[in-house]
Amino acid sequence: MFFPAEASPSKQADDPLALDTFVCEVVAMMRMVPPPLAPFVDRLPLPSRLIATEHDGQLTVRIRAGEHRFHRDLPASSIWGFEGTVPGPLIEAERGQPVTVEWRNELEGPFPVSDTVAPQPTDADGVPVQCLPGLSGGEPERHTAGLTGHTVVHLHGGLTPASYDGWAENIFAPGQPAVFHYPMDQRAALLWYHDHVMGITKFDVYAGLAGLWIVREDRERDLGLPEGPPFEVPLLIQDRNFDLDEQGRLTGRLVHKTDPEVMEAFAPFTVVNGKVWPVLDVQPATYRLRVLNGSNARTYRLVLLGDGAPELERITQIGTDHGLLRTPVPVPADGLLLASAERADLLVDFSDLAPGSELTVLNTAAAPFDGSSFPVADAENAADLESLLPYPQVLRFRVVGEAKVRRPIPRELVTDYELPAAEALARARRRAIALVEHEREDEPSMLTMRELAVATDADGGPRVSVIDGGETTRYRVVAAHFEDMTTFFPMLGEYEVWQLINLTGDTHPIHLHLDPFQILARHPIRYEIPEDGIGDRGLAATITLGRDPDDELDHAIDENERGLKDTIRVNPNEIVEIAVRFTTFSGRYMYHCHILEHEDRDMMRPFVTMAPELMPFMA
Ligand SMILES: [Cu+2]
């Protein structure tokens, strides 16, 4: 549908030179198609603020259907949202002051999103259907259309007792009251709250059920960091797609579309705080951006361009998932990577810019994301249909006003965490988890996590061997699906080392509920999986530590990952080692991939944190 009339093959086929030109044009168009919506015409909306201390820590949030306009030129879309808005209100809490939220489920059907699996991965012109609006010949899935509004709310990054953590099966139906208590006994950080229902998180979040939550504390205020408008700006980044009417015009109806080759929904339009490609007027000053990637599946690699040239040096990263880093760091040289659910706390210096200056944020990450880099100098040419990135645009800043306010950036931010000591790690319980894709005929793959235990000679069945130099460790699978028995019982107060072994071709952002963790290592690996090595439960694989000669990833730990994280990217051909110590609550929690289509299709497992004195009574 994006082929302009003058490039039609029938007009030029009898002239070989013209045909060459035509082919070149087609190739060019495969990389870039004109957007059907004008970028940078809507102002960036700011979510309404709900400040817990102004309500004695007692909040009521209604969860309801609503209408939302994603772009000036789109009709209003039906959504499900907290307070009926996209995104939900920004909840602000103080460290140490508990917050109680009555999540009042007033949802009613019909479900506001059309879900479909397109019959073909590309359209008749060879354009991947995920780059296009509309259903691309797919039928609306009737089970999704029949959803009536069951939900459960998880506060991502919250140190929350298990009863209020939003266990995926503890769902509340419309009208069923849910009152959750959040102790807020945790570091200042950007958290977010979202739906977490078993099997349909991908639909409910896509429909709009997500909002930001900031924990504040005086330690941050002492650093003189911006708090609240206008200099602190929350940015919730998501990708969305819309339906077409019979005339091919965008209708505004939300579309969640997958295809026979890609089981994740990668939507073409980037939405920031609920607007497609918005623009923010900024003063010549230092701004604090609190950024969350709240997309279902898309990873963003954000670059800042002025006059087509990268200006990443304007950005200093001061915080990550669970709050401030020890010291400020530059963002990685090729851009700020944020997979689904990752957060960044950024200071951006606009103070030297004249009124009228413009800076544009672009995304250079291919989808599905596999860790591959993209040169920042080429960011303007990042559009690529094959990479399911038709429109790299994210956001534009436009400088207005004269008053220059440049804030000094503190050289030291916090001193309240360190890497665990070597002795603590040496005696730490070690756990190994393989990430695998179980391909199935005529239906989308299952992404699963195989929890591994060291095998004895007496154990039968297939083996996972991990070869590290002269040493081989053999494992057997002890759990594969969400419903399988719980095998992880971490003791409160004790460090554990978890190894996440990626045996798939994609990067998976793995999220642990409850306490944050620190990354220890990214080890490059090569591996072999025999034919039929991945069964419904079983796994046979030989994994060798060391780089595959064809592997182009650097497997480095970025400076901005050396903070307190709750979501970590595990790239292909890589083992990520994290150190986690649960310190807060006993109970049943989950860990999972935060690509929602993976989480919903089995890339999720339980763990139970235990008080040490109860361990002797565990069978
Ligand atoms: Cu995943």
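Now for a description of the structure that goes with this document. (Residues numbered from 1 in each chain as written. Predicted model: local features only at pLDDT ≥ 70, side-chain atom pairs only at ≥ 80, totals over all residues. Heavy atoms only, no water.)

## Regarding the overall build of the protein chain
At step 1: If you tally the helices and strands in the protein chain, you get 7 helices and 37 strands.
At step 2: Taking 619 residues into account, the globule formula puts the C-alpha radius of gyration at 25 Å, and the protein chain, at 24 Å, falls close to it.
At step 3: Once local pairs closer than 6 in sequence are excluded, the contacts in the protein chain between residues at least 24 apart make up 77%.
At step 4: Per element, the accessible surface of the protein chain, about 24200 Å² overall, is 50% carbon and sulfur.
At step 5: Computed over 54 positive and 96 negative side-chain charges, the separation of the two mean positions in the protein chain equals 5 Å. (Helix = DSSP H or I, 4+ residues; strand = E, 2+ residues; numbered from the N terminus. Rg over C-alpha atoms; globule rule 2.2 N^0.38 Å. Contact = heavy atoms within 4.5 Å. Areas by Shrake-Rupley, 256 points an atom, 1.4 Å probe, with all protein chains shown as cover. Lys, Arg positive; Asp, Glu negative; His and termini not counted. Charge placed at Lys NZ, Arg CZ, Asp CG, Glu CD.)

## What about the sheet that holds strand E8 (residues 177-182)?
At step 1: Pairing is mixed across the open sheet formed by 4 strands, whose spatial order is E3-E2-E5-E8. Sheet topology places strand E3 (77-82) and E8 at the edges, where each strand pairs with a single neighbour. With strand direction ignored, the average angle separating the axes of adjacent strands in the sheet is 20°.
At step 2: Pairing geometry for strand E2 (residues 58-68) and E3, over 6 bridges, is antiparallel. By the bridge assignment, Ile63 is partnered in E3 with Phe82. (Pairing = 2+ DSSP bridges. Axes fitted to C-alpha atoms, helices over the stretch in contact; angles between N-to-C directions.)

## Description of the side chain of Asp165
At step 1: Secondary-structure assignment places Asp165 in the loop between strand E7 (153-156) and E8.
At step 2: Despite being buried, Asp165 has no salt bridge partner; Arg588 is the closest side chain of opposite charge, sitting 11 Å away.
At step 3: Side chain to side chain, Asp165 and His513 meet in a polar contact 2.7 Å long.
At step 4: Once you skip the residues sitting within four places of it in the chain, Asp165 turns out to touch Val153, His154, Thr160, His513 and Tyr589. (Buried < 20%, exposed > 50% of the residue type's maximum accessible area, 1.4 Å probe, protein only. Salt bridge = Lys/Arg side-chain N within 4 Å of Asp/Glu carboxyl O. Polar contact = N/O pair within 3.5 Å; in protein donor to acceptor, adjacent residues only side chain to side chain.)

## Examining the packing of aromatic side chains
At step 1: By the definition in use, this model includes 27 aromatic pairs.
At step 2: Ring geometry for Tyr182 versus Trp213: centroids 5.2 Å apart, planes at 65°, classification edge-to-face. With a gap of 31 residues between them, Tyr182 in strand E8 and Trp213 in strand E10 (residues 210-216) connect regions that are remote in the sequence.
At step 3: With 5.0 Å between their ring centres and 50° between their planes, Phe350 and Phe397 make a pair best called tilted. Within this pair, whereas Phe350 is found in the loop between strand E23 (343-349) and strand E24 (358-363), its partner Phe397 is found in strand E25 (residues 393-399), the two being separated by 47 residues in sequence.
At step 4: An aromatic cluster of at least three residues, connected via ring pairs, comprises Phe82, Trp103, Tyr164, Phe172, Phe180, Tyr182, Tyr193 and Trp213.
At step 5: The side chain of Arg240 reaches across the aromatic face of Tyr206, ending 4.3 Å from its centre. (Phe/Tyr/Trp six-rings, centres within 6.5 Å; stacked < 30°, edge-to-face > 60°. Lys NZ or Arg CZ within 6 Å of the ring centre and 35° of its normal.)

## Section: the coordination of the copper ion
Tetrahedral coordination by four donors sets the ideal angle at the metal to 109.5 degrees; octahedral coordination by six donors sets it to 90 or 180 degrees.
At step 1: Listed as protein donors to the copper ion are His508 (ND1), Cys593 (SG) and His598 (ND1); their distances from the metal cover 2.0 to 2.1 Å.
At step 2: Counting gaps between the donor residues of the copper ion yields the pattern H-x84-C-x4-H. With a gap of 90 residues between them, His508 in strand E31 (residues 508-512) and His598 in helix H7 (residues 596-599) connect regions that are remote in the sequence. Taken as a pair, His508 and His598 share a single burial class, namely buried. (Donors = N, O, S within 2.8 Å, 3.2 Å for Na, K, Ca; no water.)

## Concerning unusual backbone geometry
At step 1: Omega for the peptide link from Gly109 to Pro110 comes to 0°, which places this bond in the cis form.
At step 2: Mapped onto the elements, Pro110 comes out in the loop between strand E5 (99-105) and strand E6 (113-117).
At step 3: Non-glycine residue Glu83 carries a positive phi angle of around 60°.
At step 4: Tracing the backbone shows Glu83 in the loop between E3 and strand E4 (90-94).
At step 5: With a relative accessible area of 24%, Glu83 lands in the partly exposed category.
At step 6: Unusually for a residue other than glycine, Trp277 sits at a positive phi of about 45°.
At step 7: Within the secondary structure layout, Trp277 lies in the loop between strand E15 (275-276) and strand E16 (279-282).

## Some details on the side chain of His71
At step 1: In this fold, His71 is placed in the loop between E2 and E3.
At step 2: The exposure class of His71 is buried, given its relative accessible area of 0%.
At step 3: Here the side chain of His71 touches Asp73 through a polar contact of 2.9 Å, landing on its backbone nitrogen.

## What about the pattern of salt bridges?
At step 1: Inspection of every chain in the model, using the stated rule, returns 45 salt bridges.
At step 2: Note that Asp416 is salt-bridged to Arg187, the shortest N-O span being 2.8 Å. Of this pair, Asp416 sits in the loop between E25 and helix H6 (422-426) while Arg187 sits in the loop between E8 and strand E9 (189-195); the two residues are 229 residues apart in sequence, bridging distant segments of the chain.
At step 3: Across the pair Arg569 and Glu342 runs a salt bridge, and its minimum N-O distance is 2.8 Å. With a gap of 227 residues between them, Arg569 in strand E34 (residues 567-570) and Glu342 in the loop between strand E22 (336-338) and E23 connect regions that are remote in the sequence.
At step 4: Classification of Arg569 as buried rests on a relative accessible area of 4%.
At step 5: Among the residues examined, Glu342 registers a relative accessible area of 1% and is labelled buried.

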